[in-house]
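# An overview of the molecular structure
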Amino acid sequence: MTYAGIDVGAQSVKAVIFDGEKVLGRKLLVTEQEAESAAQEVYADLLEDLGLEAKNVERVFATGWGAGDVSFADKKSSEQLCAARGARWLLPTARTVVDIGAEGSRAMSLDPEGTTTNFANNSKCASGTGSFIELGAVYLKVPIEQMGPLSLAAAGAADVSSTCAVFAESVIISHIHMGETRERIAAGIHRAAGTRIHELIGRVGLVEDLVVVGGAARNPGLVKALEELTAVPVKVPEAPEFVVALGAAIQAFSKRDTRRARTRKKG
Amino acid sequence: MNETIAWYVENRHEATKKWKQETGKKVYGYFCCVTPEEILAAADILPVRITGTGEPLKNVDLHVPPNSCPFARSCLDAGMLGIYDYLDGVVVPTTCDIISTMEYFWKTLIPRPNKPSIIGGRDLTPFVHSIAYPEKVTGRQVMPYYVDVLRLFKQELERTLRRIITDEDLARVIAVYNEDKAQMKRLYEMRKSDPPAVSGYEAWQITYSSVLMPKDQHAALAKGYLDDLEASGRKAEPGVRLYVSGSAMDSVGSHIYKVIEESGGQVVSDDLCMGTRFFWNPLDTAMPPLEAVARRSLGTACPRSTSTTPIPENRWSHVLDTAKDYDIEGAIFYTLKCCDARSIENPHLGAQIQKEFGVPVLFLEGDYTTEGIEQMRGRIEAFIEMIEG
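Residues numbered from 1 in each chain as written. Chains lettered and ligands numbered in written order. Predicted model: local features only at pLDDT ≥ 70, side-chain atom pairs only at ≥ 80, totals over all residues.

### Let's talk about the overall build of chain B
Spelled out, the test is: By definition, any uninterrupted DSSP run of H or I lasting at least four residues is a helix, any uninterrupted run of E lasting at least two residues is a strand, and each is numbered from the N terminus. We compute the radius of gyration from the C-alpha atoms alone; for a globule the expected value is 2.2 Å times N to the 0.38, where N is the number of residues. Residues are called buried when their C-beta atom has 20 or more other C-beta atoms within 10 Å, exposed when it has 12 or fewer, and partly exposed otherwise; all C-beta atoms are positioned from the backbone.
Within chain B, the secondary structure is distributed over 16 helices and ten strands. Against the globule reference of 21 Å for 389 residues, chain B gives a C-alpha radius of gyration of 20 Å, in line with a compact fold. With the principal axes as the frame, chain B shows a C-alpha extent of 70 × 50 × 45 Å. Burial status across chain B gives 52% buried among its 389 residues.

Following this line, the structure appears as C-alpha cells:
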C-alpha cells in the first residue's frame, strides 16, 4: 500500500509517496498558479513517474498553508507536526526540529519518543525565513544558490538588522554604498536570519540533535550561522525541502483512526 | 442558544437602544470589569461594557498612537464614530495605562450631550467619571481608601441623577448580581464533564451577554437555558479540552472559539475579563453594601494589578481556581498586541500552568480583528493536533 503527502508551501508544492518503509518518489513544483491546481499537477506527475494510479494510494494527507485547498486530500495535518514527523523518521535522534520555509519558519521540540511537545512560529514577518535571504540575494545581485557559498568565503559578517525585513533591506543597501564586501554582507544576512531562528529555538528549548529542514536548509551559509549561534552541530537530512511532505505521508500511513475516536490521556 | 441572548451578542447596540426606548431609563458605558457597576445599577442605570468594532479604524490614529492597545483604540474609534451616542455617561477606572487615558480622550474627543456644571473648577456632574482604582489591590490601607473612592463616585452619580442611592438600593442590586453570578458558576460547573454540556462559544455567549444586559433579565434567561440543558442532558461536541487566558473577549475576539472548535478543540474554562474574572467572586452580603462592592472590585484578578504579598499571587490563584477541576489538556494565551500587563506576566504564568497541569501552552498575539485570528488558525490546528498526538 502507498501513502501520499502533499505540502502546499508559500513558494512551491511538494509531493511525496511513501509505502510505510521507504520513499518511493518525490516531486516539487514552483507555484505559479493557485494551490489546488498546482497540487493536482504535481501529484499527477509524481504518480505518472512511478507508474501508479490514484487508486493505488491508500490515503493522501495535505499540509502547509494551502492544505485546505487540496480537495483530493483525505485529511490535513499541520506543517509543524509533519516537519517533526518527517525529520524524526529520517534522523531518529532528532529532538529539536526547525523548518525554514519561504514565508514562515517554525521550531518544534520532541520528547525522546519522538512526540512533538511544543512548537513556536515566527511572527508576521519575513525576517528569519527563506524569502528574507532571497531579498538579500536580489540586492547583492547573486543567484540564490550562491548566497550560502558566498557568505562562507567572508571574514566576519557585516551588521544586518534582524528585527524586520524592511529595516534589513535599507541596511543592506547602505552597506553596499559604503563599499562593504558582498561576502561580508551575505554573511550578515545569514546571521540576521539565523538570529531570528535561534530565538524560535530558544522558545521551545534546544535539545540535541538539532535538525533543520525546509528549502533554506540547503543553504550552507544559514546552517553555519545557526551552528555558530546555537553552538551545536546542525543536522540536515537529504532533500530537506521534502521533509514536511514526507511527514504528511507518514501521518497518512500511521493515522488510521479519526479525531473523534481518540482516547483521552488521563492523569 | 436563547434568542434574546444571541440577539444581544450579535446586535448589542440595537438591543440596548431598544431597551432604553422601552424603559426610558439611563444607560452608562464602562471600561473594565473592576468598575463598581453595582452602584450604577442601584441608581436604576443599565451599565454596559464598552467594546470596539474590530473594523479598520477611522479617526483614532490622530490621537492614540498605533503602537498601543488595539482594543482601547477601537473602543475610542467607535465612540468617535457616534456608535455610543446612546450612552448617558461613561465610567473609566484607572486600570491599565491605556484604559486610564480613556477618561481624557472620551472627554475631549466625544461631545457630551448635556452641559457640564462647573463650580470652583470642578465638574459636579461629570459625563465621564474616573474611578481611582489602586495600583496594589491588597494591603491594610487599600480598603478604606477604595471605599472612599466609591463613596465619591456614588455622590457624583447622586448629584448628576438628583437622587439618593441608599444601602437598600445597593443590597437589592447585590442580590440580583449574586444570582447572575451563581448562574454563571453553574454554567462553568456544567463544563467540567467530558464532553462539556456547552461548547466554548455558547458559554461565551452567556457570559458576554451578562455585561450588556440588565442583570435580572440575564440571570433569568441564563437560568432557563441551563435548566433546559440539564433536563435534556445535551452535550457539546467532544474535543481537546482547552483553557483560554486573555483579556477583553468580545464579539471580535470570540471568533477564536469558532476556530478552536473547527480545529477539534473545546474551550472548557478561561481567564478572561468577559469570562471568569468578572463573575467568579460573589459579593459578600454580610458586609456593608458599599464595602462589598469595593471588595468585589478589588478581588478581580486583572493582570494590571498586583498584590502586596512577596510573590504577587492574585493572578495565579485565579488561574488555579478556574483551571484545576476542568481536566485541561492545553492552554491558549490569547493576548492583544501592545498589552504590557499581559506580556509581562505571560512567560511566567505560562510556565506555571505548564508545571502545575503538565499541559502545553500556546501563545498567540492578536490585533483585535477577525482576520488576525484567521491567521492564527494554522497554529491553533497544529497545537490541537499536537495534543491529540
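Alright, that's what it looks like, and here's the rest.
### Section: the pairing of strand β8 (residues 265–271) of chain B
All names here are of chain B. Filter applied, for reference: At least two bridges found by DSSP between two strands is the condition for calling them paired.
For β8, the buried fraction is high: seven of the seven residues fall into the buried class. Relative to β8, strand β7 (residues 240–246) runs parallel, the two being bridged by six bridges. Paired with Val-240 across the two strands is Gly-265, which belongs to β8.

### Structural notes on the interface of chain A and chain B
Accessible area lost when the parts come together is the quantity often used to give the size of an interface. Put simply, the rule is: Here, residues touch in the contact sense if the C-beta positions derived from the backbone fall within 7 Å of one another. Residues were grouped as follows: Ala, Val, Leu, Ile, Met, Phe, Trp, Tyr, Cys and Pro as nonpolar; Asp, Glu, Lys and Arg as charged; and all remaining residues, including Gly, as polar.
Residue-level contacts link 15 residues of chain A with twelve residues of chain B. Elements with a contribution of two residues or more to the side of chain A that touches chain B: α2 (79–90) and β8 (116–121) of chain A. Of all the elements, β8 of chain A adds the most residues to the side of chain A that touches chain B, at five residues. In the side of chain A that touches chain B, the residues fall into three nonpolar, eight polar and four charged.

### What to know about the sheet that holds strand β3 (residues 23–30) of chain A
Residue and element names in this part refer to chain A. What counts here: For helices, the fitted line uses only the C-alpha atoms of the stretch in contact; every axis is such a line through C-alpha atoms, and the angle between N-to-C directions lies from 0 to 180 degrees.
Strand order in the open sheet made by the five strands is β3-β2-β1-β4-β5, with mixed pairing throughout. Two strands lie at the open edges of the sheet, namely β3 and β5 (75–76), each paired on one side alone. Bridge count for strand β2 (residues 12–18) against β3 is seven bridges, and the pairing is antiparallel. Looking at the pairing, Val-16 lines up with Arg-26 of β3. Along the sheet face, helix α1 (residues 35–50) touches β1 (2–8), β2 and β3 and points at about 145° away from the line of β3. The sheet contacts of helix α8 (residues 243–254) involve β1, β2, β3 and β4 (57–63), and relative to β1 the element is tilted by about 140°.

### Some words on the domain arrangement of chain B
All names here are of chain B. In plain terms, the rule: Domain limits in this description derive from either an automatic procedure or a database domain assignment.
You can read the domains of chain B as domain 1 (22–167) and domain 2 (230–388). Measuring from the centre of the C-alpha atoms in domain 1 to the corresponding centre in domain 2 gives 25 Å. Counting from both sides, the interface comprises 28 residues of domain 1 and, opposite them, 32 residues of domain 2. Those elements that place two or more of their residues in the side of domain 1 that touches domain 2 are α3 (37–42), α4 (70–80) and α6 (142–161).

### Points about the domain arrangement of chain A
Residue and element names in this part refer to chain A. Segmentation of chain A into domains returns domain 1 (1–79 + 241–267) and domain 2 (92–236). Computed from C-alpha atoms alone, the centre-to-centre distance between domain 1 and domain 2 is 27 Å. Taken together, the contact pairs seven residues of domain 1 with seven residues of domain 2. Split by residue class, the side of domain 1 that touches domain 2 holds three nonpolar, two polar and two charged.

### Considering the nonpolar core
Rules: Joined through C-beta atoms within 7 Å, a set of buried Ala, Val, Leu, Ile, Met, Phe, Trp, Tyr and Cys residues constitutes a nonpolar core.
In terms of nonpolar packing, the biggest core is built from 204 residues, with Ala-4, Ile-6, Val-16, Val-97, Val-212 and Ala-249 of chain A together with Leu-242 of chain B touching the most fellow members. It is helix α6 (residues 182–204) of chain A that contributes the most residues to this core, ten residues altogether. Residues in contact with Ala-249 of chain A, not counting those within four places in the same chain, are Tyr-3, Ala-4, Gly-5, Val-16, Ile-17, Phe-18 and Phe-61 of chain A.

### Observations concerning helix α3 (residues 130–140) of chain A
Residue and element names in this part refer to chain A. For clarity, the cut-off: Here the arc refers to the set of directions running from the helix axis out to each C-beta atom.
Listing the buried residues of α3 in full gives Gly-130, Phe-132, Ile-133, Gly-136 and Leu-140. In an axial view of α3, the angular spread of the buried residues amounts to 160°, which keeps them on one side of the axis. In this structure, the buried side of α3 is in contact with β6 (96–100), α4 (144–152), α5 (165–177), α6 and α7 (220–230). Two residues or fewer after α3 comes Lys-141, characterised by a positive phi angle close to 55°.

### Comments concerning the sheet that holds strand β1 (residues 26–30) of chain B
Residue and element names in this part refer to chain B. If you trace the four strands from one edge of the open sheet to the other, you get β2-β1-β3-β6, paired in parallel fashion. The open sheet is flanked by β2 (45–49) and β6 (128–131), the only strands paired with a single partner. Within the sheet, the average angular offset between the axes of one strand and its neighbour, ignoring direction, is 25°.

### Quick look at unusual backbone geometry
With an omega dihedral of 0°, the bond running from Glu-208 of chain A to Asp-209 of chain A counts as a cis peptide bond. Inspection of the secondary structure puts Asp-209 of chain A in the loop between α6 and β9 (210–213). Of note, the amide linkage connecting Asp-194 of chain B to Pro-195 of chain B takes the cis form, showing an omega dihedral of -5°. Structurally, Pro-195 of chain B can be placed in the loop between α7 (167–189) and α8 (200–210). One non-glycine residue, Ala-239 of chain A, lies in the positive phi region at around 45°. The topology assignment puts Ala-239 of chain A in the loop between β10 (234–235) and α8.

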